[in-house]
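Listed below are the residues making up each chain.
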Amino acid sequence: MRIFSGIQPTGRKHLGNYIGAIRQYVAGQERGEALYCIVDLHAITVAYDPVELRERLLDTTAILLAAGLDPQRCVLFRQSDVAAHTELCWLLSSVTALGELSRMHQFRDKSSAQRELVSAGLLFYPVLQAADVLAYRAEEVPVGEDQREHLELMREIARRFNARFGETLVVPRHRIPEVGARIMDLQHPETKMSTTGTSEEGTVYVLDPPQAIEKKFRRAVTDSGTDIRRAPDKPGVSNLVEILAVARQRTPEEIEGELAGAGYGQLKSVAAEAVVGLLSPVRERYEQLRSDERALEQTLSEGARQARELAAPTLAEVRERMGVGGRHGPG
Ligand code: TRP
């Protein structure tokens with residue numbers, strides 16, 4: 001089975017990303033043929049700094065490797081290194097409805113958040129995302145709940161292409177992680193931990209040093225009452241219990257049983273300790289990997305070489321079906 005996912009090139013991956021997405025990427029290496037793409041071409045659809053973009057892309061590469069992606073067992077690459085993505089994006093635009101693009105929630109939210117230019121790229125974002133996956137005829141796309149609409153559109157684009165030009169593209173499935181999808185901000189436990197941050201103090205980053213993690217947990221918001229159990233009116237405690245459960249690979253029930261009678265202070269300190277234990281090895285490996293940019297670039301270019309090879313047959317067939325280019329391929 002072929003798995004594809006894309007990840008934004010931000011160096012600031014948080015605990016929710018780590019548990020929900022990154023660990024699932026690592027597991028994907030065992031389940032099938034996995035491709036992971038760092039999407040710099042998606043990143044340029046909103047205001048950005050070119051120098052920063054290149055740095056953050058390398059940060060992301062190093063985080064993924066530090067978390068356990070193994071270039072021997074997956075294809076890890078940079079989107080802009082593989083021209084098939086942009087070419088297929090354009091070709092797919094002919095079976096994408098403008099109305100669908102302009103109704104996407106993410107487009108609406110991001111375009112109203114832009115202070116200056118709302119780029120056409122922002123509108124085209126989901127078409128490029130569809131091309132990312134469809135170029136490889138991937139069957140499964142592990143990605144968060146927030147990408148549901150983009151996945152539905154991608155499936156629609158594939159179906160429409162097949163109906164118009166003949167069976168060519170694979171209609172992929174969305175795979176939403178069960179755990180980690182619900183890691184909440186430590187300061188605002190009713191909202192998800194996110195990069196576009198509800199709060200800086202409530203967001204635990206993968207690269208935070210232990211003292212920073214401990215401090216964030218110490219200041220975590222809890223609820224009234226004293227018992228340690230998950231309940232709708234106890235979002236803060238529920239979140240800490242779930243984080244602890246994931247970090248220690250226990251069920252939340254086991255954690256509740258174990259901590260029965262303990263206070264919130266203790267809950268926070270054991271949660272902090274467990275998260276430090278989870279993230280410290282990643283941070284340490286990251287420091288080593290990040291310092292060798294040449295090695296990172298080499299990993300990415302080897303990944304791109306493999307990706308190009310895998311995408312080429314799809315592109316050739318799409319061009320052929322669409323009547324674009326010469327009958328026997330370019331040149
Ligand atoms: N839009 C996705 C996100 O923000 C990233 C992404 C780009 C992606 N291309 C993809 C995810 C292809 C899955 C498949 O998280």
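Small disclaimer: the values here were computed from a predicted structure and weren't measured.

Draft legend 1. Region of interest: helix α8 (residues 148-165). In a regular helix each residue adds 1.5 Å, so 18 residues correspond to 26 Å; α8 covers 26 Å between its end C-alpha atoms and thus fits that length. Among all positions in α8, only His-150, Leu-151, Leu-153, Met-154, Ile-157, Ala-158, Phe-161, Asn-162 and Phe-165 are buried. Remark: Gly-166 follows α8 within two positions and exhibits a positive phi of approximately 105 degrees.

Draft legend 2. Here's a closer look at the site of the ligand. The immediate surroundings of the ligand are formed by 13 residues, with Gln-8, Tyr-125, Gln-129, Asp-132 and Gln-147 found nearest. A distance of 3.1 Å separates a nitrogen atom of the ligand from a polar atom in the side chain of Gln-147. Contributions of two or more residues to the shell around the ligand are made by β1 (2-7) and α7 (120-134). Here the element with the most residues in the shell around the ligand is α7; it accounts for 4 residues.

Draft legend 3. View of the domain arrangement of the protein chain. Along its sequence, the protein chain is carved into domain 1 (2-180 + 293-322) and domain 2 (210-288). Placing a centre on the C-alpha atoms of domain 1 and another on those of domain 2 gives a separation of 32 Å. The interface is formed by 10 residues belonging to domain 1 together with 8 residues belonging to domain 2. With both chains or domains summed, domain 1 and domain 2 bury close to 860 Å², and 76% of this area falls on carbon and sulfur atoms. The largest contributions to the domain 1 side of the interface with domain 2 come from Leu-15, Tyr-18 and Ala-66, which together make up 54% of the buried area. Applying the counting rule to domain 1 against domain 2 returns 0 salt bridges. Here the side of domain 1 that touches domain 2 takes 5 residues from helix α3 (residues 50-67), the largest share from any one element. Residues belonging to the side of domain 1 that touches domain 2 are distributed by class as follows: 8 nonpolar, no polar and 2 charged.

Draft legend 4. Here's a closer look at the environment of Arg-137. Relative to the elements of secondary structure, Arg-137 occurs in the loop between α7 and β4 (140-142). Expressed as a C-alpha distance, the spacing of Arg-137 and His-42, which sit 95 residues apart in the sequence, is 20 Å. Apart from residues lying up to four places away in sequence, Arg-137 is in contact with Thr-168, Val-170, Pro-313, Thr-314 and Glu-317. Engagement of the side chain of Arg-137 in a polar contact is seen with the backbone oxygen of Thr-168, the distance being 3.0 Å. Reaching out from Arg-137, the side chain makes a polar contact with the side chain of Glu-317 at a distance of 2.6 Å.

Draft legend 5. Up close: the side chain of Glu-100. Within the fold, Glu-100 resides in helix α5 (residues 98-103). If sequence neighbours within four positions are ignored, Glu-100 has contacts with Leu-153, Glu-156 and Arg-160.

Draft legend 6. Main features of the packing of helix α1 (residues 15-31) against helix α12 (residues 264-290). Packing of α1 against α12 brings their axes to within 12 Å, and their N-to-C directions diverge by 65 degrees. Classified by the interaxial angle, the pair formed by α1 and α12 is roughly perpendicular. In this structure, α1 crosses over α12, and the sense of that crossing is left-handed. Note on element contacts: α12 touches α1 through Val-275, Leu-278, Leu-279 and Val-282, opposite Leu-15, Tyr-18 and Arg-23. Split by residue class, the contact of α1 with α12 holds 6 nonpolar, no polar and 1 charged.

Draft legend 7. Just the packing of aromatic side chains, in detail. Taken as a whole and assessed by the stated rule, the structure comprises 5 aromatic pairs. An angle of 15 degrees between the planes, with centres 4.4 Å apart, marks the rings of Tyr-25 and Tyr-36 as stacked. One end of the pair, Tyr-25, is in helix α1; the other, Tyr-36, is in strand β2 (residues 33-38), with 11 residues separating them in the sequence. As far as burial versus exposure is concerned, Tyr-25 and Tyr-36 are alike and both buried. Consider the rings of Phe-161 and Phe-165, whose centres lie 4.8 Å apart with planes at 45 degrees: the pair is tilted. Remark: Phe-165 and Phe-161 occur in helix α8; sequence separation between them is 4 residues, near one turn of the helix. Classification of Phe-161 by relative accessible area gives buried; the value is 0%.

Rules of the game
Residues numbered from 1 in each chain as written. Predicted model: local features only at pLDDT ≥ 70, side-chain atom pairs only at ≥ 80, totals over all residues. Heavy atoms only, no water. Helix = DSSP H or I, 4+ residues; strand = E, 2+ residues; numbered from the N terminus. Expected span 1.5 Å × (residues − 1). Buried < 20%, exposed > 50% of the residue type's maximum accessible area, 1.4 Å probe, protein only. Near = heavy atom within 4 Å. Polar contact = N/O pair within 3.5 Å; in protein donor to acceptor, adjacent residues only side chain to side chain. Domains from an automatic or database assignment. Contact = heavy atoms within 4.5 Å. Buried area = accessible area lost by both parts, 1.4 Å probe. Salt bridge = Lys/Arg side-chain N within 4 Å of Asp/Glu carboxyl O. Nonpolar A, V, L, I, M, F, W, Y, C, P; charged D, E, K, R; others polar. Axes fitted to C-alpha atoms, helices over the stretch in contact; angles between N-to-C directions. Parallel < 35°, antiparallel > 145°, perpendicular 65-115°, else oblique. Left-handed = near helix turned anticlockwise from the far one by under 90°. Phe/Tyr/Trp six-rings, centres within 6.5 Å; stacked < 30°, edge-to-face > 60°.

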